[in-house]
Amino acid sequence: MAELGKRNTLSILNESPHGLYLDGEELGDILLPNAFVPKNITPNQKLSVFVYLDSEDRIVATTETPLAEVDQFAALKVVEVNEKVGAFLDWGLSKDLLLPYREQKGRVQVGDTRVVRIYVDDASGRIVASEKHARFFSKYRATYKPQEQVDLIVIGETPLGYKAIINSSHIGLLYDNELSEPLTVGQSFKGYVNKIRPDGNIDLRRDPSGYTRVAPLADQILQAIRDSGGTLMLDDRSPPEAIREAFDVSKKAFKQALGNLYKQRLISFVPGGVQLVEK
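Just so it is clear, the model here is predicted, and its values are computed rather than measured. (Residues numbered from 1 in each chain as written. Predicted model: local features only at pLDDT ≥ 70, side-chain atom pairs only at ≥ 80, totals over all residues. Heavy atoms only, no water.)

Spatial strand order, 16-18-17: three strands in an open sheet with antiparallel pairing. Lying at the two open borders of the sheet, with one neighbouring strand each, are strand 16 (231-232) and strand 17 (267-270). In terms of strand pairing, strand 16 meets strand 18 (residues 273-276) through two bridges, oriented antiparallel. Paired with Leu 232 across the strands is Val 274, a residue of strand 18. Most of the contacts of helix 3 (residues 251-263) go to strand 17, to which it runs at about 115°, and overall it touches strand 17 and strand 18. (Pairing = 2+ DSSP bridges. Helix = DSSP H or I, 4+ residues; strand = E, 2+ residues; numbered from the N terminus. Contact = heavy atoms within 4.5 Å. Axes fitted to C-alpha atoms, helices over the stretch in contact; angles between N-to-C directions.)

A separate point is the packing of aromatic side chains. Tallying each qualifying case throughout the model produces six aromatic pairs. Seen in terms of ring centroids, Phe 73 and Phe 137 are 5.8 Å apart; in terms of plane orientation they differ by 40°. Their pairing is tilted. One end of the pair, Phe 73, is in strand 6 (residues 73-82); the other, Phe 137, is in the loop between strand 10 (127-130) and strand 11 (149-157), with 64 residues separating them in the sequence. The buried category is assigned to Phe 73, whose relative accessible area is 6%. What makes Phe 137 buried here is its relative accessible area of 16%. Plain terms: the ring middles of Tyr 119 and Phe 136 are 5.3 Å apart, the flat faces sit at 50° to each other, and that makes the pair tilted. With a gap of 17 residues between them, Tyr 119 in strand 9 (residues 113-120) and Phe 136 in the loop between strand 10 and strand 11 connect regions that are remote in the sequence. On the basis of relative accessibility, which here comes to 17%, the residue Phe 136 falls in the buried class. Members of the aromatic cluster, each reached through a chain of ring pairs, are Phe 50, Tyr 52 and Trp 91. The lysine or arginine in question, Arg 135, covers the ring of Tyr 119, its NZ or CZ lying 5.4 Å from the ring centre. Above the plane of the ring of Phe 189 lies Arg 206, whose end atom (NZ or CZ) is 4.1 Å from the centre. (Phe/Tyr/Trp six-rings, centres within 6.5 Å; stacked < 30°, edge-to-face > 60°. Buried < 20%, exposed > 50% of the residue type's maximum accessible area, 1.4 Å probe, protein only. Lys NZ or Arg CZ within 6 Å of the ring centre and 35° of its normal.)

What follows concerns the pattern of salt bridges. All told, the structure shown has 18 salt bridges when counted by the stated rule. Taking the shortest distance from any N to any O, the salt bridge between Arg 126 and Asp 57 comes out at 2.9 Å. Taken together, the residues Arg 126 in the loop between strand 9 and strand 10 and Asp 57 in the loop between strand 4 (46-53) and strand 5 (59-62) connect sequence positions 69 residues apart. Judged by its relative accessible area of 40%, Arg 126 is partly exposed. Here Asp 57 falls in the partly exposed class, since its relative accessible area comes to 34%. (Salt bridge = Lys/Arg side-chain N within 4 Å of Asp/Glu carboxyl O.)

Note that every value here comes from positions in space, so none of it alone points to a role or purpose.
Right, dumping it as structure tokens:
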């Protein structure tokens, strides 16, 4: 059956002056308004749509893609604050997402970016957001392996570093002394599990550790040099931000990979960059 707050593939039932009615099974017939009906559709075609509630709490479909779905965490921008009900967040759809007052942590202002969990409220049946993350985390001890790649969203800063949500299920810590640049709340990226402590706390890294990161990165740099005609205008003196943007790694890892290529006599250094060594 169709799931509220998620993308579904639904069959077309019939056409009306207002749009197409899709088979939502237990949710009933779901209207896809004309504004979102794709061109050149066929009667037996199935459509991939996002199912949610319109401003009158009717179940409708859209071909728009939200920034996040029900049961996911996301960093969303506040676009309106209503004194009676709460704040409204831009989640990529024509109808904004409500962050009720009871689900807020601290004062919310227009322009803020808030990390929220999207869920269906049992009492109202509406899709809403919450900043009270803890109740949505897994109650089971994490079983991640060292060096396992995970999805991270930064949710706060501590004296030791930054707290981050792991795969929408657990919480972990990125240490300041292992980061090459500051992070910001709401920032999301691929990170790595360093270890799980005996007390269950999880240590994270922005980048993989040890030699396992050097060889793949060296290959990636080598390919980038070839793709750019034999010269890459980045070297061991380039700003960390430029290296992160180009390869999504720390400057330390980049320098190690360059050293690896240099020792193999595959590259040489030129002013402001590196180039392939002609064999």
